[in-house]
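# Coordinates in review
Okay, here's what each chain looks like letter by letter:
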There are 2 protein chains.
Amino acid sequence: MSLNLTHEPARRSWIESANAAATGFPLQNLPYGVFLSGENHTPRIGVAIGDQILNLAALAELDLLPASARAAGRQPALNALMAAGPAVWTALRVRLSELLGVDSCPAALRTQVESCLVPQTGTTMLLPASIGGYTDFYASIFHATNVGKMLRPDQPLLPNYKWVPIGYHGRSSSIVASGTPVRRPCGQSKAADLSAPVFGPCKNLDYELELGAFVGPGNQQGTSIPLASAPGHLFGVVLLNDWSARDLQTWEYQPLGPFLAKNFATTISPWVVTLEALAPFRGPAFARPPGDPAPLPYLTDPADVAQGGLNLTLEVWLLTREMRAAGVGPHRLSSGNFSSMYWTLAQLLTHHASNGCNLQPGDLLGSGTVSGQAKDARGCLLEMTMRGTEPLSLPGGEERKFLADGDEVILRGHAERPGARRIGLGECRGVVLPAAT
Amino acid sequence: MSLNLTHEPARRSWIESANAAATGFPLQNLPYGVFLSGENHTPRIGVAIGDQILNLAALAELDLLPASARAAGRQPALNALMAAGPAVWTALRVRLSELLGVDSCPAALRTQVESCLVPQTGTTMLLPASIGGYTDFYASIFHATNVGKMLRPDQPLLPNYKWVPIGYHGRSSSIVASGTPVRRPCGQSKAADLSAPVFGPCKNLDYELELGAFVGPGNQQGTSIPLASAPGHLFGVVLLNDWSARDLQTWEYQPLGPFLAKNFATTISPWVVTLEALAPFRGPAFARPPGDPAPLPYLTDPADVAQGGLNLTLEVWLLTREMRAAGVGPHRLSSGNFSSMYWTLAQLLTHHASNGCNLQPGDLLGSGTVSGQAKDARGCLLEMTMRGTEPLSLPGGEERKFLADGDEVILRGHAERPGARRIGLGECRGVVLPAAT
């Protein structure tokens with residue numbers, strides 16, 4: 001079987017739930033995560049398929065994994081698999097697709113594979129990898145422009161923006177798995193009309209809708225990663241909520257950037273969707289407006305440009321305490337598309353290593369807030385409410401300038417196009433707890 | 001024996017080199033590091049004493065460590081000892097002081113301890129800990145003012161400076177042990193008179209003289225660390241060189257702070273000098289100039305203020321390729337004192353955790369460039385040469401605006417005062433390699 005065949009939309013799994021039109025986890029997806037189940041208290045790598053999880057460690061016990069992936073498949077986190085590189089990724093994807101395909105898995109083998117399945121219901125999903133370095137970029141020109149307008153109406157976009165993929169280091173210790181409650185942070189903020197700041201609970205708590213990309217093989221310190229090689233260093237993507245305390249951020253961020261406004265928590269979705277699974281969903285390329293400079297040569301790769309960005313629909317949903325009490329489902333706040341980003345994931349990675357900074361397997365690159373040109377494609381409340389000056393009206397009559405205690409933010413994402421099976425990114429959820437007293 | 005007795009200046013070691021007036025590693029210091037020796041290819045924790053290293057794993061084998069420190073002493077890095085907390089740190093310090101003291105170690109025991117000694121010559125020092133999170137602060141008001149003057153002559157110090165201990169996340173993967181060569185990074189820079197940037201080797205490579213503090217026990221995400229408890233979370237300090245590519249920094253740092261200008265390499269000295277060893281060297285407190293605001297309550301602790309900052313002399317020395325060829329020793333560029341910092345280490349730690357950000361054992365907090373008021377107390381070339389406009393003259397006739405290939409930067413530090421033994425921080429060294437072609 002070939003890698004291309006793993007995308008073939010006509011192929012079906014013998015796991016019926018994987019064939020449902022609405023599933024995000026068909027045979028063509030095969031995302032990786034780390035789970036705990038009731039029977040098994042050791043974290044295990046699993047593959048989401050329909051409403052089931054295929055336990056890779058159990059497959060390895062039965063000697064059903066490619067030899068090159070056997071050791072990595074038995075680890076309690078994805079770092080070793082990320083480090084193994086594209087040849088191993090492909091061999092494993094092809095094997096999993098065979099084992100789970102209705103036409104490619106003989107009955108005797110199917111019985112063996114069935115013994116490695118765990119229902120998703122009742123399992124706990126953990127962080128997929130041990131994240132050494134977390135870097136957050138700022139790759140949406142629409143987000144940068146909207147935010148810039150509030151701070152510098154005369155010069156929303158700084159002169160470096162169209163040349164430099166702007167990024168900064170985030171905090172990896174406070175990255176949490178989807179479903180982990182997030183406590184409202186305390187911190188310093190200063191009202192414009194007062195001369196001194198105060199310390200207290202954040203008043204303007206926000207989410208940021210981002211995509212997170214996991215680094216595969218790293219680079220030695222002092223060496224770089226040419227753009228043409230970048231895809232081999234990118235394992236897969238998750239949804240990422242870069243929780244942001246806007247009032248803290250405004251007061252602290254000059255001159256060295258965001259710090260306590262961001263590092264209290266970052267939430268990611270549990271299933272790492274590989275870039276192999278997303279290969280059919282490139283493009284269209286983001287068209288730089290006429291007059292914008294071409295990227296410098298180290299950020300230029302005709303193949304990367306021609307393929308374009310990832311065509312991923314990314315959404316934010318909100319479920320308030322009042323909505324939960326009323327038995328109402330979450331309300332969609334926005335919907336954007338990752339292909340509107342000014343820089344591709346490959347460009348972000350190549351820029352990051354261009355000075356010799358050593359990236360490592362399991363490092364996480366946040367894209368920055370994914371905002372589109374349309375108002376309903378803005379990826380955070382700061383932009384949606386214009387810094388709280390235009391509150392959002394929710395269906396039940398509530399209003400929001402920023403997040404309230406009890407609010408649950410739910411990020412969702414998927415890729416779809418005619419002639420391909422829909423690929424889901426799953427969900428990234430987090431509920432806001434009141435500040436510590 | 002009591003903790004206070006471990007500082008008693010009259011106490012001598014039976015290791016003669018530890019009693020020399022000039023040593024930085026007398027019986028009163030006892031800093032921890034991780035070393036490899038010719039015989040032993042496993043990283044081991046060692047304690048510097050005179051010109052020797054005491055192997056903690058070997059002491060543990062002989063059952064000579066306090067029970068509470070035995071497991072941590074056998075690890076290949078200091079993280080477990082850092083996590084163990086002050087009671088264990090004190091018990092271990094007292095025991096080591098007994099075992100190495102001429103009057104407190106019986107002859108039979110001395111023979112056992114002698115078998116655990118390794119000469120420093122011939123060993124390789126590694127990073128002392130696995131560093132999960134590295135945060136760099138900006139705690140010298142003189143540095144902030146000098147740098148601010150170059151960027152904003154009308155407003156050198158931003159309005160938040162005297163309220164917020166400004167900091168940002170650095171890159172932990174590229175922190176290297178003293179002696180590791182550092183490759184000149186490449187990156188984007190833009191000349192003021194050109195409309196477009198170029199990509200190439202950094203032209204304005206700089207060092208920054210800093211102190212690094214290792215975090216001991218951490219805090220749970222969502223909880224903070226009151227200032228009064230901060231000392232129990234601070235294990236010890238090292239010298240830290242925050243290599244900086246000034247031309248890259250100027251172009252990239254707006255609006256999210258330094259990134260590629262810093263993350264290509266950070267060098268730290270091998271010996272972690274504990275805050276217990278430095279307890280006799282507090283003060284004088286940095287006196288906030290009249291009119292400066294008092295810190296907010298969460299950053300105010302009368303005891304911390306009364307004790308003052310750490311009275312540490314910190315120096316930068318330069319050894320150029322030409323000086324090496326001429327057989328000349330390094331030239332001292334500057335000498336400052338850590339007590340001139342605007343915030344104490346305890347305040348930096350408490351601020352970092354004040355929003356619930358979870359710190360972890362082995363995290364490293366950089367102080368930011370240590371600059372004093374005097375010109376010869378400025379801790380980086382950017383300040384010393386006023387951005388290259390006032391080149392330095394070196395004794396052999398060379399000039400420097402910024403670092404040249406082959407330059408070795410050597411940071412040194414020590415604490416001394418009448419009535420106490422001199423405590424050395426050792427050295428932090430790194431030589432600049434030419435940029436990759």
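Relevant structure appears above.
Because the structure is predicted, anything quoted here is derived from the model rather than measured. (Residues numbered from 1 in each chain as written. Chains lettered and ligands numbered in written order. Predicted model: local features only at pLDDT ≥ 70, side-chain atom pairs only at ≥ 80, totals over all residues. Heavy atoms only, no water.)

### Quick notes on the pairing of strand E14 (residues 234-241) of chain A
Residues and elements named next belong to chain A. Which entries qualify depends on this criterion: Burial classification: accessible surface area is computed with a 1.4 Å probe over protein chains only, and a residue below 20% of its type maximum counts as buried, one above 50% as exposed, and the rest as partly exposed. Secondary structure elements are taken from DSSP: a helix is a run of H or I of four residues or more, a strand is a run of E of two residues or more, and numbering for both begins at the N terminus. For two strands to count as paired, DSSP must find a minimum of two bridges between them.
Judged by how many residues are buried, E14 sits mostly within the fold: eight of eight residues are covered. Pairing of strand E13 (residues 209-215) with E14 involves seven bridges; the strand directions are antiparallel. Within the sheet, the bridge partner assigned to Leu211 lies in E14 and is Leu239. Note that E14 and strand E17 (residues 273-274) share two bridges and pair antiparallel. Within E17, the position partnered with Gly236 by the bridge is Thr274. Pairing of E14 with strand E16 (residues 266-268), which is carried by two bridges, proceeds in the antiparallel orientation. By the bridge assignment, Leu240 is partnered in E16 with Ile268.

### Quick notes on the sheet that holds strand E5 (residues 124-126) of chain B
Residue and element names in this part refer to chain B. The line we're drawing: Comment: axis = line fitted to C-alpha atoms, over the contacting stretch for helices; angle = value between 0 and 180 degrees taken between N-to-C directions.
The strand order E4-E3-E2-E1-E5 describes an open sheet built from five strands, whose pairing is antiparallel. Each edge of the open sheet is held by one strand with a lone partner, namely strand E4 (117-119) and E5. Across the sheet, the mean angle from the axis of one strand to that of its neighbour is 50°, orientation sign disregarded. As defined by bridge partners, strand E1 (residues 32-36) adjoins E5 across three bridges and the pair is classed as antiparallel. The partner of Leu36 across the bridge, within E5, is Thr124.

### With respect to the relation of the copies chain B and chain A
Cut-off, in case you're wondering: To line up the copies, we fit them by least squares on C-alpha atoms, keeping just the residues with pLDDT of at least 70 in both. Residue contacts follow a heavy-atom distance rule, with two residues in contact if any of their heavy atoms lie within 4.5 Å.
Under the fitted operation, chain B is carried onto chain A by 0.0 Å of movement along the axis and a turn of 180°, and the coordinates agree to an RMSD of 0.0 Å. Taken together, these values place the two copies in the relation of a two-fold axis. For chain B, the smallest separation between a C-alpha atom and the rotation axis is recorded for Gly257 of chain B, amounting to 2.2 Å. Most of the interface of chain B is mirrored in chain A, where 100% of its interface residues again form contacts.

### Things to note about unusual backbone geometry
Between Gln254 of chain A and Pro255 of chain A the backbone carries a cis peptide bond, its omega angle lying at 5°. Following the sequence through the fold, Pro255 of chain A ends up in the loop between helix H7 (246-252) and E16. Even without being a glycine, Arg387 of chain A presents a positive backbone phi close to 60°. Look at Asp63 of chain B: it is not a glycine, yet its phi comes out positive at around 60°. With respect to the helices, strands and loops of the structure, Asp63 of chain B is situated in the loop between helix H1 (56-61) and helix H2 (67-73). Asp63 of chain B sits in the partly exposed class, given a relative accessible area of 48%.

### Thoughts on the side chain of Glu276 of chain B
Residues and elements named next belong to chain B. Which entries qualify depends on this criterion: Note on charges: Lys and Arg go in the positive column, Asp and Glu in the negative column, and His and the chain ends are not counted at all. What counts as a salt bridge is simple: a side-chain nitrogen of Lys or Arg found within 4 Å of a carboxyl oxygen of Asp or Glu.
Inspection of the secondary structure puts Glu276 in the loop between strand E17 (273-274) and helix H8 (302-307). Despite its burial, Glu276 pairs with no opposite charge, the nearest such side chain being Arg93 at 4.6 Å. With residues up to four places along the chain from it excluded, the contact list for Glu276 reads Leu3, His7, Pro86, Trp89, Thr90 and Arg93.

### Things to note about the pattern of salt bridges
Here the structure, examined in full by the defined rule, presents 38 salt bridges over all chains. The partner of Arg400 of chain B in a salt bridge is Asp407 of chain B, and the shortest N-O contact between them spans 2.7 Å. Judged by its relative accessible area of 0%, Asp407 of chain B falls in the buried class. Beyond isolated ion pairs, a larger network of salt bridges with shared partners links Asp206, Glu208, Asp242, Arg246 and Lys262 of chain A.

### Concerning the interface of chain B and chain A
Which entries qualify depends on this criterion: Polar contacts here mean pairs of N or O atoms no more than 3.5 Å apart (in protein, one a potential hydrogen donor and the other a potential acceptor; neighbouring residues in sequence count only if both atoms are side-chain atoms). The nonpolar class holds Ala, Val, Leu, Ile, Met, Phe, Trp, Tyr, Cys and Pro. Asp, Glu, Lys and Arg form the charged class, and all remaining residues, Gly among them, are polar.
Between chain B and chain A, the contact holds 57 residues from the first and 57 residues from the second. Residue Arg171 of chain B pairs with Asp363 of chain A through a salt bridge whose shortest N-O separation is 2.6 Å. Joining chain B to chain A, the criterion identifies 24 residue pairs in polar contact (both at pLDDT 80 or more). For the side of chain B that touches chain A, the elements supplying multiple residues, two or more each, are strand E6 (134-137), strand E7 (167-169), strand E10 (186-189), strand E11 (198-201), helix H7 (246-252) and helix H10 (345-353) of chain B. Take the side of chain B that touches chain A: its biggest share by element is three residues, from E7 of chain B. Partitioning the side of chain B that touches chain A into residue classes produces 30 nonpolar, 23 polar and four charged.

### What about the environment of Gln220 of chain A?
On the secondary structure map, Gln220 of chain A appears in the loop between E13 and E14. When residues no more than four places from it in sequence are discounted, the contact partners of Gln220 of chain A are Gly356 and Asn358 of chain A.

### Let's talk about the environment of Cys105 of chain A
Residues and elements named next belong to chain A. Take Cys105: it is sitting in the loop between helix H4 (86-100) and helix H5 (107-114). The sequence separation of Cys105 and Arg282 amounts to 177 residues, and the corresponding C-alpha distance is 30 Å. The residues touching Cys105, leaving out its near neighbours within four places in the chain, are Trp14, Glu98, Leu99 and Arg110.

### Regarding the packing of aromatic side chains
Residues and elements named next belong to chain B. Condition: Any Phe, Tyr or Trp ring, taking Trp's six-membered ring, that has another such ring centre within 6.5 Å forms a pair; planes under 30 degrees apart are called stacked, those over 60 apart edge-to-face, and the others tilted. Working rule: Lys NZ or Arg CZ, within 6 Å of ring centre, within 35 degrees of ring normal, means a charge sits over the ring.
Applying the stated rule across the entire model yields 16 aromatic pairs over all chains. Look at Tyr32 and Phe235: their rings are 5.8 Å apart centre to centre, the planes differ by 40°, and that puts the pair in the tilted class. One end of the pair, Tyr32, is in strand E1; the other, Phe235, is in strand E14 (residues 234-241), and 203 residues separate them in sequence. The side chain of Arg288 reaches across the aromatic face of Trp343, ending 4.8 Å from its centre.

### A few points about the sheet that holds strand E24 (residues 423-433) of chain B
In sheet architecture, strand pairing relies on hydrogen bonds along the backbone and comes in two forms, parallel and antiparallel. Residues and elements named next belong to chain B. Taken in spatial order, the five strands of this open sheet run E9-E24-E23-E18-E19, and their pairing is mixed. Edge positions in the sheet fall to strand E9 (182-183) and strand E19 (331-337), since each of these pairs with one other strand and no more. When strand E18 (residues 313-319) meets E19, the two strands line up antiparallel, connected through six bridges. Residue pairing for E19: Leu318 is matched across the bridge by His331.

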